[in-house]
Amino acid sequence: MRLIFTFFIFSLLSGCNSNRESKVTHEKALKYEGPIIDMHIHSAENEEFTIDTLGFCLPITSIIQHFDPKDDYLEIWNNKLHDPECDDPIWSPSSYENFIERLTYQLDKHNITAVTSGPPLAVENMYNRIGDRIIKSCQFRIGRDNITTDSLRILVNKNGFRVLGEISNQYEGIAPSDPRMEPYYAVAEELDIPIAIHLGSGLPGHFYFEPGLTPRLSNPLELEPIIRKFPKLRISIMHYGEPYIDELISMMVNYPQLYADIGGMQVFYPREYFYEYHLKKMVSAGLGKRIMFGTDMIIWPEIIDRAVKVIDEAPFLSMKQKDDIFYNNAARFLRLEEKKK
Ligand SMILES: [Zn+2]
């Protein structure tokens, strides 16, 4: 309200010649109030929660700013999460019940429908608790998830799974074009379900959690062999292959069927860096019709509040661009009914 009031005063003082300019400024100052599709949340299970709650400071890159390899990384990381250094950490719930309650609150508050990735049973459990705000997505990683192509068919045809993702082979250093993935891509293409593939950074110091994570495989150019082999496959680049923005732009321009999901990067990096070198660059390159909102909510439901705010407050986005990023682009990609034009 105060912002709007200030705007009117400013308009009166600045006179008629800036009317058009002011209209744009006013539009950009408005809060987005439409529906949201979050392309990127994760299911959770009972055993992930203990009374021992964990506090995350945002942006995530601020948690560990330097490290001497003579020290024990995991010990430092654990200390940072148990005793966060910022004033406003987001805390994990202490039980599954509390997680569902807080997540439901966030989804309702922001009118979010969320593509929810996880092991099929965990996703089903969340769907049973939360209902239609959940779009079921089957996670996949070679060597971790024992899902055959036959079981994938059943999940899609009988259990209502609509996406194959998060495909997270990058955490094992396995490239998107690994031949072991081809049968899965073929089934996704045949059943006409999109895939969502992790291309991007892990946590700070992720090497110490999962040594297989390979940063160079974040590069969206890695997708080219798949696109050529499976030309009808719909692909969402989760985390938009950050920080390889120029390569992302090259791929999205050359392959206009490619979409990208913001995937929590709006709270991973400091806001100004994310705006200036990632979001603004993607949008100003003309890709605003294929950027989709995503939070990468894992077990911290309140990350959603923060992640929505960063996009909503981007000073260079018009309301039309916010409509697209928050809802329209994902609705088109998922082939949901487009509620807005
Ligand atoms: Zn991811």
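Residue indices follow the written sequence of each chain, beginning from 1 at its first position. In view of the model being predicted, local features appear only for residues whose pLDDT reaches at least 70, and side-chain atom pairs are presented and counted only at 80 or more, with totals across whole chains, interfaces and linings using the full set of residues. The side-chain numbers reported here are obtained from all heavy atoms of the structure, hydrogens and water having been left aside.

Going by what an unreviewed UniProt entry lists, the protein chain is known as Amidohydrolase-related domain-containing protein and is assigned to Aureitalea marina.

Moving on, we come to the UniProt feature "domain: Amidohydrolase-related" (unreviewed entry) in the protein chain. UniProt positions are given in the numbering used here, feature names are shortened, and annotations may be inferred rather than shown by experiment. On the UniProt side, "domain: Amidohydrolase-related" (unreviewed entry) is annotated at positions that read residues 143-336 here. Only DSSP runs of H or I reaching four residues or more are called helices, and only runs of E reaching two or more are called strands; each is numbered from the N terminus. As annotated, residues 143-336 comprises 42% helix and 9% strand, and the C-alpha atoms at either end are separated by 32 Å.

A few words now on helix α3 (residues 73-82). Regarding α3, the residues found buried are Tyr73, Trp77 and Leu81. Here the buried residues of α3 occupy an arc of 65° about the axis, which is enough to place them on one side. Buried residues along α3 sit against β2 (55-56) and β3 (90-91). Nitrogen and oxygen atoms within 3.5 Å of one another constitute a polar contact, given that in protein one can donate a hydrogen and the other can accept it, and given that sequence-neighbouring residues count only through two side-chain atoms. The N-cap of α3, judged by a side-chain oxygen 3.1 Å from the amide nitrogen of Leu74 a few residues on, is Asp72. Throughout this description, buried means an accessible area under 20% of the type-specific maximum (1.4 Å probe, protein chains only), exposed means over 50%, and partly exposed covers the range between. By construction, the arc corresponds to the directions joining the helix axis to the C-beta atoms. The contact definition used throughout considers only heavy atoms, calling two residues in contact when any of these lie within 4.5 Å.

To count as a disulfide, a pair of cysteine sulfur atoms needs to be within 2.5 Å. Summed over all chains, the structure comprises one disulfide. Covalent S-S linkage joins Cys57 and Cys86, the inter-sulfur distance amounting to 2.1 Å. Between Cys57 and Cys86 the disulfide shows an S-S torsion of about -95°. By sign, it is left-handed. Here Cys86 lies in the loop between α3 and β3 and Cys57 lies in the loop between β2 and α3, a separation of 29 residues in the sequence.

A carboxyl oxygen of Asp or Glu within 4 Å of a side-chain nitrogen of Lys or Arg is what we treat as a salt bridge. On inspection of all chains with the given rule, the structure shows 23 salt bridges. Note that Lys280 and Glu276 form a salt bridge whose closest N and O atoms lie 3.9 Å from each other. With a gap of four residues between them, Lys280 and Glu276 both fall in helix α11 (residues 271-287), about one helical turn apart. Asp324 is the partner of Lys320 in a salt bridge, and the nearest nitrogen-oxygen pair spans 3.5 Å. Here Lys320 pairs with Asp324, and both are found in helix α13 (residues 319-334), just four residues apart, close to one helical turn. Linked through salt bridges whose partners overlap, the residues forming this network are Asp192, Arg234 and Arg335.

Formed by 105 residues in total, the largest nonpolar core has its most connected members in Leu223, Phe274 and Leu279. When residues in this core are grouped by element, the largest group, eight residues, is from α13. Here the nonpolar core consists of buried residues drawn from Ala, Val, Leu, Ile, Met, Phe, Trp, Tyr and Cys, with membership extended through side-chain atoms lying within 4.5 Å.

Axis definition: a line fit to C-alpha positions, over the contact stretch in the case of helices; interaxial angles, taken between N-to-C directions, run 0 to 180 degrees. Two numbers describe how helix α12 (residues 303-312) lies on α13: the axes approach to 10 Å, and their chain directions differ by 150°. The orientation of α12 with respect to α13, classified from their angle, is roughly antiparallel. Taken together, the residues of α13 that come into contact with α12 (itself represented by Val308, Ile311 and Asp312) are Lys322, Ile325 and Phe326. All amino acids are sorted into three groups, where Ala, Val, Leu, Ile, Met, Phe, Trp, Tyr, Cys and Pro are nonpolar, Asp, Glu, Lys and Arg are charged, and the leftover types, Gly among them, are polar. Grouping the amino acids of the contact of α12 with α13 by side-chain chemistry returns four nonpolar, no polar and two charged. Working definition: roughly parallel below 35 degrees, roughly antiparallel above 145 degrees, roughly perpendicular at 65 to 115 degrees, and oblique for all remaining angles.

On to the packing of aromatic side chains. Here a Phe, Tyr or Trp ring, Trp counted by its six-membered ring, pairs with any other such ring whose centre lies within 6.5 Å, and the pair is stacked when the planes are under 30 degrees apart, edge-to-face when over 60, and tilted otherwise. The final tally for this structure, using the stated rule, is 22 aromatic pairs. Ring geometry for Tyr185 and Phe230: centres 5.8 Å apart, planes at 70°, overall edge-to-face. Taken together, the positions of Tyr185 in helix α7 (residues 182-191) and Phe230 in the loop between α8 (224-229) and β8 (235-238) put the pair 45 residues apart, joining distant regions of the chain. With a relative accessible area of 1%, Tyr185 lands in the buried category. For Phe230, a relative accessible area of 8% gives the class buried. For the pair Tyr273 and Tyr277, a centre-to-centre distance of 5.6 Å together with 35° between the ring planes defines the contact as tilted.

Glancing now at the environment of Phe268. Along the polypeptide, Phe268 turns up in helix α10 (residues 265-268). What makes Phe268 buried here is its relative accessible area of 7%. Measuring from C-alpha to C-alpha, the distance between Phe268 and Ile245 comes to 16 Å, with 23 residues separating the pair along the chain. When sequence neighbours within four positions are dropped, the list of residues in contact with Phe268 reads Pro59, Ile60, Thr61, Ser201, Gly202 and Pro204.

Another point: the packing of helix α6 (residues 149-157) against α7. Viewed as axis vectors pointing N to C, α6 and α7 meet at an angle of 25°, and their least axial separation amounts to 10 Å. Overall, the two elements α6 and α7 adopt an arrangement that is roughly parallel. In this structure, the crossing between α6 and α7 has a hand that is right-handed. Contacts between α6 and α7 involve Thr149, Leu152, Arg153, Val156 and Asn157 from the former and Pro183, Tyr184, Val187, Glu190 and Leu191 from the latter. By residue class, the composition of the contact of α6 with α7 is six nonpolar, two polar and two charged. Helix crossings fall into two classes, left-handed where the near helix is turned counterclockwise from the far one by less than a right angle and right-handed where it is turned clockwise.

Structurally, the position occupied by Ser92 is in the loop between β3 and α4 (96-109). For Ser92, the side chain forms a polar contact with the main-chain nitrogen of Leu54, separated by 2.8 Å. Not counting residues up to four positions away in its chain, the partners in contact with Ser92 are Thr53, Leu54, Arg102, Ile299 and Trp300.

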